[in-house]
Amino acid sequence: MPGPVVNGVKAQRSTSAFPLGQEGEAAPFLPVLSEGSIRLVLLTSGEMLVARLRQTTDSDGDRAYQLIRPLRLVKEAETEPWSLLPYLAGLTPQRNVVMLKAAVAAVLEPEARILQAYTRSTNQECPPSETPVERLKKAFQEFTDSIEAG
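Residues numbered from 1 in each chain as written. Predicted model: local features only at pLDDT ≥ 70, side-chain atom pairs only at ≥ 80, totals over all residues. Heavy atoms only, no water.

A. Just the overall build of the chain, in detail. Counting its regular elements, the chain contains 2 helices and 8 strands. Counting across all 150 residues of the chain, residues that qualify as buried make up 31%. (Helix = DSSP H or I, 4+ residues; strand = E, 2+ residues; numbered from the N terminus. Buried < 20%, exposed > 50% of the residue type's maximum accessible area, 1.4 Å probe, protein only.)

B. A look at the confidence of the model for the chain. Chain-level pLDDT for the chain is 76 on average; 71% of the residues reach the 70-or-more range. Overall, residues 1-7 carries pLDDT values under 50, and its contacts beyond four positions in sequence, including any with other chains, amount to 14 contacts. (pLDDT = per-residue confidence, 0-100. Contact = heavy atoms within 4.5 Å.)

C. Just the nonpolar core, in detail. In terms of nonpolar packing, the biggest core is built from 21 residues, with Leu-43, Leu-49, Val-50, Leu-67, Leu-84, Met-99 and Tyr-118 touching the most fellow members. When contributions to this core are tallied by element, the ones reaching two or more residues are strand S3 (37-43), strand S4 (48-57), strand S5 (63-74), strand S7 (96-100) and helix H1 (112-121). (Core = buried A, V, L, I, M, F, W, Y, C linked by side-chain atoms within 4.5 Å.)

D. Broad picture of the pairing of S4. Across 6 bridges, the pairing between S3 and S4 is antiparallel. Residue pairing in the sheet places Ser-37 in a bridge with Leu-53 of S4. In the sheet, S4 pairs with S5 via 8 bridges, with the strands oriented antiparallel. Residue pairing across strands places Leu-49 opposite Arg-72, the latter belonging to S5. The loop that links S4 with its antiparallel partner S5 comprises 5 residues; one of these, Gly-61, has a positive phi angle of about 90°. (Pairing = 2+ DSSP bridges.)

E. Spotlight on a nonpolar patch on the surface. A surface patch of nonpolar side chains, amounting to about 350 Å² of accessible area, comprises Phe-140, Phe-143 and Ile-147. With respect to the secondary-structure elements, Phe-140 resides in helix H2 (residues 132-149). (Patch = residues over 30% accessible without salt bridge, like charges linked within 9 Å, V, L, I, M, F, W, Y side chains within 5 Å. Areas by Shrake-Rupley, 256 points an atom, 1.4 Å probe, with all protein chains shown as cover. Salt bridge = Lys/Arg side-chain N within 4 Å of Asp/Glu carboxyl O.)

F. Structural context of the pattern of salt bridges. Counting across every chain of the model gives 4 salt bridges. A salt bridge links Arg-39 to Glu-109; the nearest nitrogen and oxygen atoms lie 2.9 Å apart. With Arg-39 in strand S3 and Glu-109 in the loop between strand S8 (104-108) and H1, the pair connects residues that are 70 residues apart, well separated along the chain. For Arg-39, a relative accessible area of 14% gives the class buried. As a salt-bridge pair, Arg-113 and Glu-111 come within 3.3 Å of each other at their nearest N and O atoms. Glu-111 gets classed as partly exposed once you look at its relative accessible area, which sits at 46%. Several salt bridges share partner residues, and in doing so they unite Arg-39, Glu-109 and Lys-138 into one network.

Shown next, in the form of structure tokens:
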């Protein structure tokens with residue numbers, strides 16, 4: 001039976017997807033003020049993940065991303081809602097993954113319904129929705145930062 005559906009986004013918790021002993025374990029609560037922000041990550045392989053994202057570096061000093069509590073975003077069929085499934089469950093007990101910049105094709109802002117389903121599934125506080133003015137200020141700041149960096 002599928003997991004809960006939240007406005008078109010299912011948060012599935014399949015018993016076969018969790019390693020023995022980890023089934024039903026609740027992760028510690030992460031407040032919205034925790035380091036990093038929740039993003040939709042498109043990998044170069046075509047896979048889509050939702051995770052709290054922190055920018056970091058690898059051992060050579062190259063840019064990398066730390067994905068905290070990543071979940072795969074999957075759509076079985078066009079008429080079905082998106083599903084959130086565990087990422088790398090059953091392969092490793094680690095809940096956080098560091099990915100090289102080359103593995104990440106794009107980092108995007110998730111829609112509100114995906115954000116809410118993800119935060120409920122991973123025991124995190126959902127950030128409040130930004131007003132259009134706040135989004136404009138943020139975009140302007142990111143644009144200004146990119147010009148200064150270049």
